[in-house]
Amino acid sequence: MRLGERARWLIALLGVPLWLALPLIFRQGGMAKQALHRCDPTSTGPGGCPADYIPVLETMLEVVVPLFILVMLYPFARFAFSLYSPPSEGRRLKWRLGMPAGAAAAWPVLQGVAIGGAAWALWRMLTYPFVGGLWPFHIYWGAFAGWFALGALLGLLDERSASSA
């Protein structure tokens, strides 16, 4: 499977909005799951609200998660462009955020992190019940898992072609 340099660059760039959407997906997804359960706020027993959190903790997470995502934006962009960077020979585009030697140079560490990201995104996707109102969250987590998996696959293929040459 050969993927052109321009396509790789665009797919690497697609990782950035996927990353930036994380706080929104966490917040909206939690609210969607809670609405699905039709909680009885007066009940404190097992029939009550299964998604009730400590309000202070919930408020803190609404601040901490977006700040974490913003702080980690540059390292994630470096990871994204390094994961999708083609071998250095024959490059025409600028890969300032990516590795100079291409993704195969960091084999298998970079691709292992990508496989871990794919597993994490699939796990997050499976935490949502498969009902009609939650399909946007399934699509998001599936797209993020596919993004990670494609990067790992391209790195494997680049490494194989580099080792056979």
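Okay, so let's go over this structure. Since the structure is predicted, the reported quantities are computational estimates derived from the model, not experimental observations.

Moving on: the environment of G4. With respect to the element layout, G4 can be found in the segment before α1 (5-20). Among the residues examined, G4 registers a relative accessible area of 41% and is labelled partly exposed. On a C-alpha basis, the gap between G4 and P86 in space is 8.6 Å, while along the polypeptide they are 82 residues apart.

A few words on the pattern of salt bridges. According to the stated counting rule, one finds two salt bridges in the structure shown. Between D158 and R8 there is a salt bridge, with the nearest N and O atoms lying 2.9 Å from each other. Taken as a pair, D158 in helix α6 (residues 135-164) and R8 in helix α1 lie far apart in primary sequence, 150 residues in all. Across the pair, exposure class does not vary: D158 and R8 are buried alike. Between E62 and R27 there is a salt bridge, with the nearest N and O atoms lying 3.3 Å from each other. With E62 in helix α3 (residues 55-71) and R27 in helix α2 (residues 22-37), this pair connects stretches of sequence that are 35 residues apart.

A separate point is the side chain of S85. Locating S85 in the fold gives a position in the loop between α4 (73-84) and α5 (109-126). Polar contacts involving the side chain of S85 include one to the main-chain carbonyl oxygen of S82, which spans 3.0 Å. Sequence-distant contacts of S85, that is, excluding residues within four places in its chain, are made with R8, R91, W95, M99, G102, A103 and D158.

A grouping of L57, M60, L61, V63, V64 and L67 is seen on the molecular surface, where their side chains present a nonpolar patch of about 510 Å² in accessible area. Looking at the secondary structure, you find V63 in helix α3.

So, on to the nonpolar core. The biggest cluster of nonpolar side chains holds 32 residues, and the ones touching the most others in it are F76, F79, W141, F144, W147 and F148. Going through the elements one at a time, α1, α2, α4, α5 and α6 are the ones with two or more residues in this core. The greatest single-element share of this core, amounting to nine residues, is contributed by α6.

Now for the packing of α1 against α6. In contact at an axis separation of 11 Å, α1 and α6 are set at 145° when each is read in the N-to-C sense. Between α1 and α6 lies a crossing whose hand is left-handed. Together, R8, I11, A12, L14, G15, L18 and W19 of α1 and Y140, A143, F144, W147, L150, L154 and D158 of α6 make up the contact between the two elements. Of the residues contributing to the contact of α1 with α6, the split by class is eleven nonpolar, one polar and two charged.

The rules behind each value
- Residues numbered from 1 in each chain as written.
- Predicted model: local features only at pLDDT ≥ 70, side-chain atom pairs only at ≥ 80, totals over all residues.
- Heavy atoms only, no water.
- Helix = DSSP H or I, 4+ residues; strand = E, 2+ residues; numbered from the N terminus.
- Buried < 20%, exposed > 50% of the residue type's maximum accessible area, 1.4 Å probe, protein only.
- Salt bridge = Lys/Arg side-chain N within 4 Å of Asp/Glu carboxyl O.
- Polar contact = N/O pair within 3.5 Å; in protein donor to acceptor, adjacent residues only side chain to side chain.
- Contact = heavy atoms within 4.5 Å.
- Patch = residues over 30% accessible without salt bridge, like charges linked within 9 Å, V, L, I, M, F, W, Y side chains within 5 Å.
- Areas by Shrake-Rupley, 256 points an atom, 1.4 Å probe, with all protein chains shown as cover.
- Core = buried A, V, L, I, M, F, W, Y, C linked by side-chain atoms within 4.5 Å.
- Axes fitted to C-alpha atoms, helices over the stretch in contact; angles between N-to-C directions.
- Left-handed = near helix turned anticlockwise from the far one by under 90°.
- Nonpolar A, V, L, I, M, F, W, Y, C, P; charged D, E, K, R; others polar.

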